[in-house]
Amino acid sequence: MRKILLTTMLCVSSMLYAQKQKECLPIELNCEHLVNPLGVDKSNPRLSWRLADKRQGAKQSAYQILVSSDSLALVKNKANSWNSGKQLSSAMLIHYNGTGLKRQTKYYWKVRVWDKNASESTSSIASFETGMMGMENWKGKWISDNQDIHDQAAPYFRRAFKTTKPIKSARAYIAVAGLYELSINGKKIGDHRLDPMYTRFDRRTLYVVEDVTPQIQQGNNAVAVVLGNGWYNHQPLAVWDFDKAPWRNRPTFCLNLRIVYQDGSEETLTTDQQWKTAAGPIRYNNIYTGEHYDARLEMPAWDTPQFDDSQWHAIQYRNPPSTNIVSQQMVPIRLVRSYSPKLMKKMDEKTYIFDMGQNMAGVTKIKIGGKAGTVIKIKHGERLQANGRLDLSNIDVYYRGNKELEPFQTDILTLSGRKEDEFMAKFGYKGFRYVEVSSSDPIVLDESTITAYFMHSDVRSIGQLKTSSTLINGLWEATNNAYLSNLMGYPTDCPQREKNGWTGDGHLAIETAYYNFDGITVYEKWMADHQDEQQENGVLPDIIPTGGWGYGTANGLDWTSTIAIIPWQTYLFYGDASLLAECYDNIKRYVDYVDGISPNGLTTFGRGDWVPVKSQSNLELTSSVYFYVDATILASAAKMFGKTADQQKYEMLGKKIKDAINAKFLDRSKGIYSTGTQTELSVPLYWGVVPEAMKAKVAANLNSRVEETNFHLDVGVLGAKALLNALKDNGYGETAYKVAVQDTYPSWGWWIVNGATTLLENWDLKATRDISDNHMMFGEIGGWFFKSIGGILPDPTQAGFKNVLLKPIFPKELKESSISYQSPYGNILSSWKVKGNKVEYTVEIPANATATFYPPENIRNSNAVQLEAGKYQMDLELK
């Protein structure tokens, strides 16, 4: 009956869509996973697209890519760079394979596709522009001021110049060790924040390309730059020793300003001796503490042609910070959302507290007037003391600077006395919900004084969730807020206390990241950071990037398996094996190192189940499981890349590790690993270590352990990643759901019902350590909803959601759920409503993809169903 109903519905849907849309259109053309990027350095960039085709069974039967440096020729289907010819393929991610790309050149491209009926259509024209494509092409010198690493004032730079001919285009190529803000003729260029992104500066330095055509004028011009310390010149002390980083130096930059004129001629303005420098109103800046700004020292119009710089000083030449200057090809950090205070409280005539209503990473803007020399302190934090004042005790514990002169997470503004001063820090960010403004003199403030800006890598939102459970909706939103708060060109642990790229936090949350946001460019950058930090023996630090801290005794597999897990998950989610290929040798060196120190297949190299509720789990068990995971990923990659000898070697190693784990830790008579904690049972189950014949027994024991806690958690970070998945994947989806939506301690929901707007670092609200209120290491919960009540999973045999595995659960306590995910092929929808003993299940599969639907066990007909592209309405009967 169900199959007949399904077949009938397919026919109706097909007729409806055939009437609405008769052709297949290629859309959303991307190069290197970016829209019309500038500064592409790769000789064979990736070109990708999607299909707009709602017809049933929609698919691409062939494609043709045309690339040309002449846009008008491309309109006429003439391509002087690459014509792929008609390729009988459904592939929609292709590496450029034309003539050699020239540097600093704009290329136009389009794609023609043939649909399932062999009808052809053509996309609109997209573009990409190449970058420097090699250090030898930089013409400018690296310059700085004449100060050393201890000088606290930010250096300002400017140069005036003239143009005499009409301008066709202009590009600024700027490489920086530190941070920068660029302006031309009095206007800030772009809306990026904290450029360039943080790297291991002495091994890889990033440059940014800006289109400055609108800002350059015929006649007099001025180009100006102000530099910030960022992670390059870390001045205050903290336990991670960034003040001792081998690259540390005074910030420096190199700029090429390439101008092409209407007559075809061109010239390049570079950083040279004609630049001048001076100190300005930014008296201090640090990534941990804040920014100190003296408005009395402002230099009106300093970045315009008419400014008198006769009192400014000569610049100093510097050596490049590294021999590897590469383009920053990733989504930028931006001010994404603004917040006005939800509440303001006057503490006394000099002190006010503002509640922004949302914990976030970002900056605040203050508008305030007063007499010259008045000192305003703008302190940011997550908690309030009992007396209502700001409490930093949960986040300043590792800061070792001078808390009087360089207060933690505090901007300091000295008023000019000439006007209402407006200030927002340029070269840092804070983690906060509350803002305390205090003054050296009495002040009158109101809610309009402060605006907060949520700031993060501006990744596109691609996952949506809405259910009949307010707790689930709140958890999902809090998880995403925590994730975005910890995305600043690399994933971090927390936005206030550390801002470190803890590897464990990164891979534990990778599925949540990819289900909700299009973040591939951020993770490709972070994996390059891994490559920079990896030692010759294969060892990685547990924070990346690092100034040298983190190569200890605990930086092992449960954390630094990022090198294998993230490239593999990137392949699964995007169907793009590029990152996996680029990291292959790094994964191999890493696995070989662990193999060398673990002759019996077991290892204690790791941190273990960090911040558990109460039960401690066996370190050797969990670390060895991650060793197995890495070896298995490596074997799969070797197979994919045709490395047969490696495939055989690492398949054997994986078997050796698996056998060793089960021989030592599995009690086959009881179906228990080690002492049987939730983590010790769920981690082997989730990662595929449990022998097939033992899975049911181990899963039943795990279910019993959870029932014994009345469906509460007793795990740390490793168990939090594995537990819900191990239960759901082994027939205990109802149990997993009860744990996921638990709202008493200890649980994720406990945080939400207690007012959290982000995820926390500790299950215990009264804990005395590990108590950041904006952490991502327990962030699996946000992705799990997509995998469970949505049931949307990538098929490893057809990666990138070319074939979607639909394995939803319909928990008894949940009546309605709608989850969608924008895959590389388009929108996948898994939506359902319970009505009586029926589930109305709506599925949408994008063009050029398929799906396999596996009904959950509480549905009467549990046969798998293969679906082609299209929209489906299924009436499922509950048992």
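Details of the structure are given in the entry above.
Not measured: the values here are computed from a predicted model.

S.K.: Give a description of the sheet that holds strand 42 (residues 816-823) that names residues and reports values.
M.R.: Reading across from one edge, 36-42-43-44-47 is the order of the five strands in this open sheet, with antiparallel pairing throughout. Only two strands of the sheet have a single partner each, and these edge strands are strand 36 (463-467) and strand 47 (870-877). Shown here is a sheet whose adjacent strand axes are inclined to one another by a mean of 10°, direction ignored. Taken together, the seven bridges between strand 43 (residues 826-835) and strand 44 (residues 838-845) define a ladder with antiparallel strand orientation. Paired with Leu 829 across the strands is Glu 844, a residue of strand 44.

S.K.: Pulling in residues and values, what's your account of the packing of helix 8 (residues 562-574) against helix 10 (residues 619-640)?
M.R.: Between helix 8 and helix 10, the shortest axis-to-axis distance is 10 Å and the interhelical angle comes to 50°. As summarised for this structure, helix 8 and helix 10 are arranged oblique, according to the angle between their axes. Helix 10 is crossed by helix 8, and the crossing has left-handed handedness. Contacts from Ala 564, Ile 565, Trp 568 and Tyr 571 in helix 8 reach Tyr 626, Val 629, Asp 630, Ile 633, Ser 636 and Met 640 in helix 10.

S.K.: How would you summarise the packing of helix 15 (residues 733-740) against helix 17 (residues 780-787) if you had to cite specific residues and measurements?
M.R.: Between helix 15 and helix 17, whose axes approach to 12 Å, the crossing angle comes to 145°. Considering the relative orientation of helix 15 and helix 17, their crossing is left-handed. From helix 15, Ala 736, Tyr 737 and Ala 740 reach across to helix 17, where they touch Ile 781, Trp 784 and Phe 785. Residue classes in the contact of helix 15 with helix 17 are distributed as six nonpolar, no polar and no charged.

S.K.: How would you summarise the sheet that holds strand 45 (residues 850-853) if you had to cite specific residues and measurements?
M.R.: The strand order across the open sheet formed by four strands is 40-41-45-46, and the pairing between neighbours is mixed. Two strands close off the open sheet at either side, each with one partner strand: strand 40 (792-794) and strand 46 (865-867). Adjacent strand axes in the sheet meet at a mean angle of 25° when their direction is disregarded. Here strand 41 (residues 803-806) pairs with strand 45 via four bridges, running parallel. Bridged to Asn 803 within strand 45 is Thr 850.

S.K.: Got a sec to walk through the pattern of salt bridges? Specific residues and values, please.
M.R.: This model, assessed by the stated rule, comprises 57 salt bridges. Residue Glu 533 is joined to Arg 200 by a salt bridge in which the shortest nitrogen-to-oxygen separation is 3.1 Å. Residue Glu 533 is found in helix 6 (residues 520-533), and its partner Arg 200 is found in the loop between strand 14 (187-188) and strand 15 (205-211); the two are separated by 333 residues along the sequence. Each member of the salt-bridge network shares a partner with another, and the members are Glu 32, Lys 42, Arg 46, Glu 524, Asp 576 and Glu 582.

Calculation rules
- Residues numbered from 1 in each chain as written.
- Predicted model: local features only at pLDDT ≥ 70, side-chain atom pairs only at ≥ 80, totals over all residues.
- Heavy atoms only, no water.
- Pairing = 2+ DSSP bridges.
- Helix = DSSP H or I, 4+ residues; strand = E, 2+ residues; numbered from the N terminus.
- Axes fitted to C-alpha atoms, helices over the stretch in contact; angles between N-to-C directions.
- Parallel < 35°, antiparallel > 145°, perpendicular 65-115°, else oblique.
- Left-handed = near helix turned anticlockwise from the far one by under 90°.
- Contact = heavy atoms within 4.5 Å.
- Nonpolar A, V, L, I, M, F, W, Y, C, P; charged D, E, K, R; others polar.
- Salt bridge = Lys/Arg side-chain N within 4 Å of Asp/Glu carboxyl O.

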